[in-house]
Amino acid sequence: MVILGIDPGSVITGYGVIEARGRHCRLLDCGVVRPGSRKALADRLKVIYDGLCEVIDRHRPEMLAIETAFGGRFPRAALVLGHARGVALLSAANRDLQVWEYAPREVKMAIVGTGGASKQQVQGMVRATLNLDRDPMPEDASDAVAVALCHHYRISGRIKAVDRIRRR
């Protein structure tokens, strides 16, 4: 089974493609789509859409897992992130991919064991889990691989569904 994980962003969108066979996974590809921060939003969204469609066409994943948007102190940033998520979801829908969504804290919990893990901790666990020589770079790509791994863990029964992670 091939799973595409997405860490959406309007300036950098990370992607990670894993192949899962039973309990074992291997990294097929990871990277980022960088539309550039100086372009107009519509142009950035087109670059993200085209880049993700290229990844989907190249690897033919069976499903897509994506991080949900999180609320924050900056409503405009959350709105722009929502646009990036929207084009990622559209790329999946146009390729007839099933889509699953995971909260950032749920991904961190699945990969590191704590919902408050740092990006470096996630990166290190992705490297260790997939037995890689070095951390997947940049961190956005590593985060996307973590989303794909989280989905694999969920559908394989290695972790139970986390409906709500409470903040402390």
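Residues numbered from 1 in each chain as written. Predicted model: local features only at pLDDT ≥ 70, side-chain atom pairs only at ≥ 80, totals over all residues. Heavy atoms only, no water.

## Considering the environment of Arg44
No. 1: Positionally, Arg44 belongs in helix H1 (residues 41-59).
No. 2: Those residues in contact with Arg44, other than ones at most four positions away along the chain, are Ser10, Val11, Pro35, Gly36, Ser37 and Lys39.
No. 3: One polar contact links the side chain of Arg44 to the main-chain carbonyl oxygen of Lys39, over a distance of 3.3 Å. (Helix = DSSP H or I, 4+ residues; strand = E, 2+ residues; numbered from the N terminus. Contact = heavy atoms within 4.5 Å. Polar contact = N/O pair within 3.5 Å; in protein donor to acceptor, adjacent residues only side chain to side chain.)

## Regarding the confidence of the model for the protein chain
No. 1: Put simply, the protein chain has an average pLDDT of 90, and 92% of its residues get 70 or more.
No. 2: Taking the mean pLDDT of every element in the protein chain, the minimum, 91, falls on helix H2 (residues 75-94) and the maximum, 98, on strand E1 (residues 2-7).
No. 3: Every residue in residues 161-168 scores below 50 in pLDDT, and together they form eight contacts with partners more than four places removed in sequence or on other chains. (pLDDT = per-residue confidence, 0-100.)

## Re H2
No. 1: If you check H2, its first and last C-alpha atoms are 28 Å apart, about what 20 residues at 1.5 Å a residue would give, namely 28 Å.
No. 2: For H2, the elements touching its buried residues are E1, H1, strand E4 (63-67) and strand E5 (98-102).
No. 3: Two residues or fewer past H2, Asp96 is found with a positive phi of approximately 60°. (Expected span 1.5 Å × (residues − 1).)

## A short note on the pattern of salt bridges
No. 1: On inspection of all chains with the given rule, the structure shows 10 salt bridges.
No. 2: Linking Glu106 and Arg154 is a salt bridge whose minimum nitrogen-to-oxygen distance equals 1.9 Å. One end of the pair, Glu106, is in helix H3 (residues 104-111); the other, Arg154, is in helix H5 (residues 139-155), with 48 residues separating them in the sequence.
No. 3: In the salt-bridge network here, residues are joined through shared partners; they are Glu19, Arg21 and Arg26. (Salt bridge = Lys/Arg side-chain N within 4 Å of Asp/Glu carboxyl O.)

## Digging into the pairing of E4
No. 1: Across the five residues that make up E4, a large majority, five, are buried.
No. 2: The alternating pattern of E4 places Met63, Ala65 and Glu67 and Leu64 and Ile66 on opposite faces, both of which are buried.
No. 3: Alignment of E1 against E4, held across four bridges, turns out to be parallel. Bridge assignment links Ile6 to a residue of E4, and that residue is Ile66.
No. 4: Relative to E5, E4 runs parallel, the two sharing five bridges. By the bridge assignment for E5, Ile66 is matched with Glu101. (Buried < 20%, exposed > 50% of the residue type's maximum accessible area, 1.4 Å probe, protein only. Pairing = 2+ DSSP bridges.)

## A closer look at the nonpolar core
No. 1: Counting residues in hydrophobic clusters, the biggest one holds 21 residues, and the most contacted among them are Ile18, Val107, Ile111, Val126 and Leu149.
No. 2: Among the elements that take part in this core, H5 stands out by supplying seven residues, more than any other.
No. 3: Excluding anything up to four places from it in sequence, Val107 contacts Glu67, Tyr102, Ala146, Val147 and Cys150.
No. 4: Counting 18 residues, the second largest nonpolar core, distinct from the first, contains Ile6, Ile66, Val87 and Ala92. (Core = buried A, V, L, I, M, F, W, Y, C linked by side-chain atoms within 4.5 Å.)

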